[in-house]
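Commentary on secondary and tertiary structure
These are the residues of each chain, in order.
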Amino acid sequence: MARLEDKVALITGAAAGIGRASALLFAEEGAAVLLADVDVEAATDVVAEIEAMGGRALFVATDVAEPEAAEAAVAQCIAAFGGLDIVYNSAGGATQDDGKVSEMPLDEFWRTMGVDLYGSFLICRFAIPHLIERGGGAILNTTSIRAMKATQGADAYTAAKGGVLTLTKSLAQELAEHKIRVNAVAPGVVASERVQRMMGDVAANPLAQATPLGYGMPIEVARAALFLVSDEARWITGVILPVDGGAAAV
Ligand SMILES: NC(=O)c1ccc[n+]([C@@H]2O[C@H](COP(=O)([O-])OP(=O)(O)OC[C@H]3O[C@@H](n4cnc5c(N)ncnc54)[C@H](O)[C@@H]3O)[C@@H](O)[C@H]2O)c1
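Values in this document were obtained by computation on a predicted structure and should not be read as measured data. (Residues numbered from 1 in each chain as written. Predicted model: local features only at pLDDT ≥ 70, side-chain atom pairs only at ≥ 80, totals over all residues.)

Now for the site of the ligand. Near the ligand there are 32 residues, and of these Gly13, Gly17, Gly92, Ser192 and Arg194 occur at the shortest range. For the shell around the ligand, the secondary structure elements donating two or more residues are α1 (17-28), α4 (106-134) and α7 (193-199). Considered class by class, the residues forming the shell around the ligand number 14 nonpolar, 12 polar and six charged. (Near = placed C-beta within 6 Å. Helix = DSSP H or I, 4+ residues; strand = E, 2+ residues; numbered from the N terminus. Nonpolar A, V, L, I, M, F, W, Y, C, P; charged D, E, K, R; others polar.)

See the structure below:
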């Protein structure tokens, strides 16, 4: 039996990178997948890929940092698939504008807070009542090696992902009585197309160089995500799982 048979998953940031790899993998494992993303063209392609392999998927254009849009994505998921079991907040990512507190553009602070932290908060806010009504479920957030290790040089993103990390733990405590598990993945250097564009030679990046197993690919994080949202992880909640080639251990 497929590992997500009869489950409905809402994945943000599912048009690219780790979110895209997860959408394809979750669908392959039997889930109906709602893709919430701002990138209409790329998300439409992912839906077509899932449908071509016999899976079920729907795209809802969603800026997760907008409350109305986050609420609508959750509502459309319920309307289309009749429920919601899994929420995976993957939308986000650092940009070249981030940097030191005293030097970076102030707008970048609110951009990353909006997408990475507030976006995860909002999707949880609107999804949790449905998960409670369903009798349980799994929420998976996305933090980062940068928050795990408080690395220098991307202070806004690091702060946003630090918020995601602690929010994950407090939600895990609050929601356990409703049989809702809340975990997070903390990726290291993952060569998504965005990261390849930003870094150029990913292998030469200092963080990748300092990673025992070197940099990873989106599918590695997707596989960890699949485990954490599946029933195989039914006794796991409040965990921040580094998926980072050993970077957090150094
Ligand atoms: N790639 C890495 O090295 C790495 C490392 C640590 C953490 N992460 C985290 O993993 C997640 C995925 O990273 P990735 O490298 O796959 O990124 P990506 O850029 O490949 O994909 C991110 C997706 O999010 C979407 N998105 C951006 N803003 C959005 C918004 N406001 N509303 C809805 N969707 C939005 C984009 O359109 C894109 O499809 C992010 O949260 C990122 O911070 C990535």
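Counting through the fold element by element, Ala247 comes out in the segment after β7 (240-243). What makes Ala247 buried here is the crowd of 25 C-beta atoms within 10 Å. Residues Ala247 and Ser102, spaced 145 residues apart in sequence, show a C-alpha to C-alpha distance of 27 Å. Here Ala247 is in contact with Ile145, Gly188, Leu207, Ala210 and Thr211, once residues within four sequence places are set aside. (Buried ≥ 20, exposed ≤ 12 C-beta atoms within 10 Å, placed from the backbone. Contact = placed C-beta atoms within 7 Å.)

If you look at the biggest cluster of nonpolar residues, it comprises 83 residues, and the most contacted ones within it are Ala9, Leu10, Ala23, Val33, Leu35 and Ala225. Among the elements that take part in this core, α4 stands out by supplying 10 residues, more than any other. If near-sequence neighbours (up to four positions away) are discounted, Leu10 is found in contact with Leu34, Ala36, Ala73, Val74, Cys77, Leu84, Val87 and Ala127. (Core = buried A, V, L, I, M, F, W, Y, C linked by C-beta atoms within 7 Å.)

This paragraph deals with the environment of Ala224. With respect to the helices and strands, Ala224 occurs in helix α9 (residues 218-229). Every residue in contact with Ala224, bar those within four places of it in the chain, is listed here: Val185, Leu241 and Val243.

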